[in-house]
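# Summary of structural features
Each chain, written out:
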Amino acid sequence: MKKVLALLLCLMVSFSVFANGASESSKKEVKTLEILLSDDTLEGGAMAAIVDKWNSTNDNFKVEINEIAYGDMKTQIMNRASVNELPALVKTTEMDAYADFLLPLDDKSLKQSDFLRDVTRDGKLLATPINSTAVGMLVNKSAFDQAGVSYPTTEEERWTWDEFIEAVNTVVEKTDCEYGIVIDHSAQRISTLLYQFGMQIFDPNDASKIAFDSPQTKEGLEFLLDIYKKDISPASVGLGAENAQSTYKTGKVAVHMSGNWVLNDYSNNITNFEWDPALMPYKTDKATCLGGNYLYAFDGTGCEEEAKEFIEWFYKDENYSLYCSNGNYLPSKIGVDATYTVKGMDIFNMELNATSAQPSFDDSVKNSHPGESYGNALRDAVDKAIAGELDADGVIDYFTNSILENYTNVSLK
Amino acid sequence: MKSNNKLNGFLGILFSLLWVFPVFWLVVSSFKNGTELFSYPMTLFPNNPSFDNYVVALFRFDFIRYTANTAFITIIATVITLIMSSMCGFALAKYKYIWLKVLFICLLATTMLPTEVIMRPSFTVIYKLGLYNSLWACIIPTVGTMTGVFLMRQFFTSIPNELLEAARIDGANEGRIFVSLMLPLCKSQLAILGIFSFRWRWNDFIWPLISLRSPDKYTLQIALRTLSGAEAVDWTTLLAASVLTMIPVLIVFILFNRQIMSTNVSSGVKG
Amino acid sequence: MNISVRKKNNLDTKQKWALFFCAPNILFFLIFFVIPATLGISYSFTNYNGLSRMDFVGLVNYVKLFKDLEFYKVLFNTIKFTLVSVPLGYFTALFLALLLNNEKIKGNSLMRILIYWPTLLSTIMVGLTWRWIFGENFGILNYILQSFDLEKIKWATDSNAAFITTIIAFVWANCGTNMLIFIGGLKQIPQSLHEAAKIDGATALQDFIHVTLPGLSAVSFMIVILSIITAFKSFAMVLTLTGGGPGSATTYMIQYIYQTGFDKMQVGYSSAASMVMFAILLIVSVIQT
């Protein structure tokens, strides 16, 4: 046995030394740009396809993908920033945390007016919004059909939140669905519902004033907490203990409040019932929250010109359209169309066109506080409320205090 | 006596099955497809078991490279850990100096600040030592593990001092005593520590996360983490990949387990 | 050379050897603990946000910490978790070690492997697996309960049930390791002692109390201290299992430190919390030794 072990040991060590040596000895004559990102393979490898296209049609420099876990992005970037070894390009969900290191892109042909989302800071174009995501709803079509309840796919048909509750209660009664709705464990989803009740985080007339404490917010919060109290939505999902997406896939839930990013997963993995996107309800406002990733370059990497060249090439209509089609993304550049392999993206486009301006406004206020963050305070507060530790007023206090604690130059309205 | 053994055996089977059930369920689930994984009512065994998930997992990552990197780190770190822990554990157990007692408390203190908390300062140290983006950065900071030292120390305290005195009178110096007398006695403890060290390094993701930034240096755990995205988790691939990464550690355990069974220290004391 | 001089030389040589044996670990301690820990302490006196802002603020973080109700709640949760999981883990591992130490049982090697297997899972997979099992609406346990017409248990929304899930997952994941260490310790007790006790007419229980337990005292000490420290440091597993919920019922120290430090970008404040945790653990260990 000892001999076997010794042999195994020698084999593994020599193998790994070989593996290490091989990678070091392959020197690249051509300059290679690193693009650091996460979630590309999970979402269909759209960036990999575009990078392949660049590499096969350009010889002055190559691009290489360095894919890491979403949860590790911030750590990696912050560590690398502190020792000046940043990657040339990055695709990720945040840009303001790294504002000090971003490379301005103004000297290329891209302009803020080309894009749907705000990526300008201090008058400079510091990033590009590589895609847009929108919060929306997916319904269990089989259940709705069985119960004889219709769901809205045009603006005229949009439910009010009260009509929504009636509809899902009927579906639950008449089918073997156990719950009316599951909502992702996310501040963004919660906010979307509150926005639909007329909530404002910051005052649209004065961005330094916190306007969260209002009768509209309270009404929205009480409505949301009621959904859990009345068991229309399972508290375990509300608390994040059970995952909304997994729960919806069992077919026992009538509606999933999520976003367009689940369309890929649902197309591939749901075969035991039919599903369909539907328009979200409203109380006073129609609203959806935008999200999405950014693509930007870092300053001080020695590859600034090449990085800008790649970004400009990336947003050429034929390339960007290819990217959005491969990944089933909503385009963030105005006037670009994509052909999707999944159905239902048009519903999310409708949501984007119908939304009030408050969610984007609040986002831009957040963006104007670089280096400051109140984390997931709203979600944490709602968690406590679902657990019975706080009521709607308590949530309002918790959230407003978190903002006051973490942001400078803000005050209560 | 026989009925005692039978009861013993029965309880053993009961508990070990109970214990392994969640892992068993994990392994069995890795053969299910995406729809079946979330179907309700649940199924234990897959209706159409297939290796599809494993195929996807193997082609998703550069498995061979990542395994080679992880193996390199794990094997070398384990060997160094065994040497360091047995030396230090021996000294802590068999010598009576005040600075040793202080050292013991100091080493114990190293376990009380978890790496997550001193991640940024640790990164700075790694960088200043020129180890950034090298596999050695995943080895060197981990070999001083206190659990290893503690394990060897408590083992050596049980060895009677007469053994050492006898060897010293015979003229052997301390180093000789350690290598020729002490080490052979602690084979089963070394086997246990070897199993632990192998497992720790194989599953470690903190140090690789802090110290590596090129894809060709990544380890298996880093690759596994990419399966959990911002909004979605690739469950089917994650399950298969987790099972795959478990296999080498399991093999090492099975091989080393035999070492633990055989040794009995009392044979050194008699006569 | 007279005897006293030779003895003194022996002492010096022995001490040099002791130093030599410990040298690598001492070096490790200085480079990878003292230096980062000192940096960490220095952060706690600033308002460092992880990126660019670092101004000296003196004791402000500590004062804020002592007034922070959330911190006390998390500390209480962690202590409660440790007080329950450590004895439970100890006795479970000891019980299993005694059970599987008997080489005469067929297949006891296989049984050891099965019990050790869970420790091979990464902490994240442990958390995910148990989260599935304890799923309140779509988990195995409640499914089994419901098929026997029993009430399903609110594993996620009831604080006490959630607490129990963290205990179960923790003990389950760590038992194999402690069991192995106990087995190693059991094998160190000379068989002659057991035989002598049998000759003296001791029952199995008396043999256990008077021979086995004392023989395991060094091992027990080690397992208890290490278990306390491991329990205090539980993070990745609990985070994936309950996310710290419901509310903050199962939020433990490291999660609190990590979320303040990284999510809220208050590295200075979270360093202060880490130092307090460190001090508590140090005091507990010194008392024990």
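Preceding this section is the structure that the text describes.
A brief report on the enclosed structure follows. Since the structure is predicted, the reported quantities are computational estimates derived from the model, not experimental observations. (Residues numbered from 1 in each chain as written. Chains lettered and ligands numbered in written order. Predicted model: local features only at pLDDT ≥ 70, side-chain atom pairs only at ≥ 80, totals over all residues. Heavy atoms only, no water.)

Residues and elements named next belong to chain A. In terms of burial, strand E8 (residues 179-183) is largely enclosed, as five of its five residues are buried. Direction of pairing for E8 relative to strand E11 (residues 253-259): parallel, over a ladder of four bridges. The residue bridging tyrosine 179 from the neighbouring strand is valine 253, located in E11. (Buried < 20%, exposed > 50% of the residue type's maximum accessible area, 1.4 Å probe, protein only. Helix = DSSP H or I, 4+ residues; strand = E, 2+ residues; numbered from the N terminus. Pairing = 2+ DSSP bridges.)

So, about the interface of chain C and chain B. The interface of chain C with chain B comprises 94 residues on the first partner and 92 residues on the second. For the pair chain C and chain B, the summed buried area comes to about 8800 Å², and 78% of that belongs to carbon and sulfur atoms. At the junction of chain C and chain B, the tally comes to zero salt bridges. Put simply, chain C and chain B have nine residue pairs in polar contact (both at pLDDT 80 or more) between them. (Contact = heavy atoms within 4.5 Å. Buried area = accessible area lost by both parts, 1.4 Å probe. Salt bridge = Lys/Arg side-chain N within 4 Å of Asp/Glu carboxyl O. Polar contact = N/O pair within 3.5 Å; in protein donor to acceptor, adjacent residues only side chain to side chain.)

This part covers the packing of helix H5 (residues 98-109) of chain B against helix H8 (residues 146-157) of chain B. Residue and element names in this part refer to chain B. Contact geometry of H5 with H8 gives a least axis separation of 9 Å together with a crossing angle of 140 degrees. Our classification of the angle between H5 and H8 gives oblique. In the packing of H5 onto H8, the handedness of the crossing is left-handed. Residues Phe104, Leu107 and Leu108 of H5 lie in contact with H8, whose contacting residues are Met146, Val149, Phe150 and Arg153. (Axes fitted to C-alpha atoms, helices over the stretch in contact; angles between N-to-C directions. Parallel < 35°, antiparallel > 145°, perpendicular 65-115°, else oblique. Left-handed = near helix turned anticlockwise from the far one by under 90°.)

Turning our attention to unusual backbone geometry. All names here are of chain A. A positive phi angle, near 60 degrees, is found at asparagine 84, a position not held by glycine. Since its relative accessible area comes to 59%, asparagine 84 is described here as exposed. Of note, asparagine 328 is a non-glycine position whose phi angle comes to about 55 degrees, a positive value. By the secondary structure assignment, asparagine 328 is in the loop between helix H12 (317-327) and helix H13 (345-354).

Turning our eyes to something else, we now look at the sheet that holds strand E10 (residues 206-210) of chain A. Two orientations exist for strands paired in a sheet by backbone hydrogen bonds: parallel and antiparallel. All names here are of chain A. What the three strands build is an open sheet, ordered E9-E10-E15; its pairing is mixed. With partners counted over all chains shown, the strands left at the sheet margins are strand E9 (202-203) and strand E15 (411-412), one partner each. Where E9 and E10 come together, two bridges link them in antiparallel fashion. Across the sheet, the residue bridging to phenylalanine 202 is isoleucine 210, located in E10.

Let's shift gears to the pattern of salt bridges. Residues and elements named next belong to chain A. Inspection of every chain in the model, using the stated rule, returns 32 salt bridges over all chains. Between lysine 31 and glutamate 306 there is a salt bridge, and its shortest N-O distance comes to 3.2 Å. In this pair, lysine 31 is assigned in the loop between helix H1 (2-25) and strand E1 (32-37) and glutamate 306 in helix H11 (residues 304-314), connecting sequence segments 275 residues apart. Here glutamate 306 falls in the buried class, since its relative accessible area comes to 18%. Ionic pairing is found between aspartate 203 and lysine 413, a salt bridge with its closest N-O pair at 3.8 Å. Placement of the pair is aspartate 203 in strand E9 and lysine 413 in the segment after E15, with a sequence separation of 210 residues.

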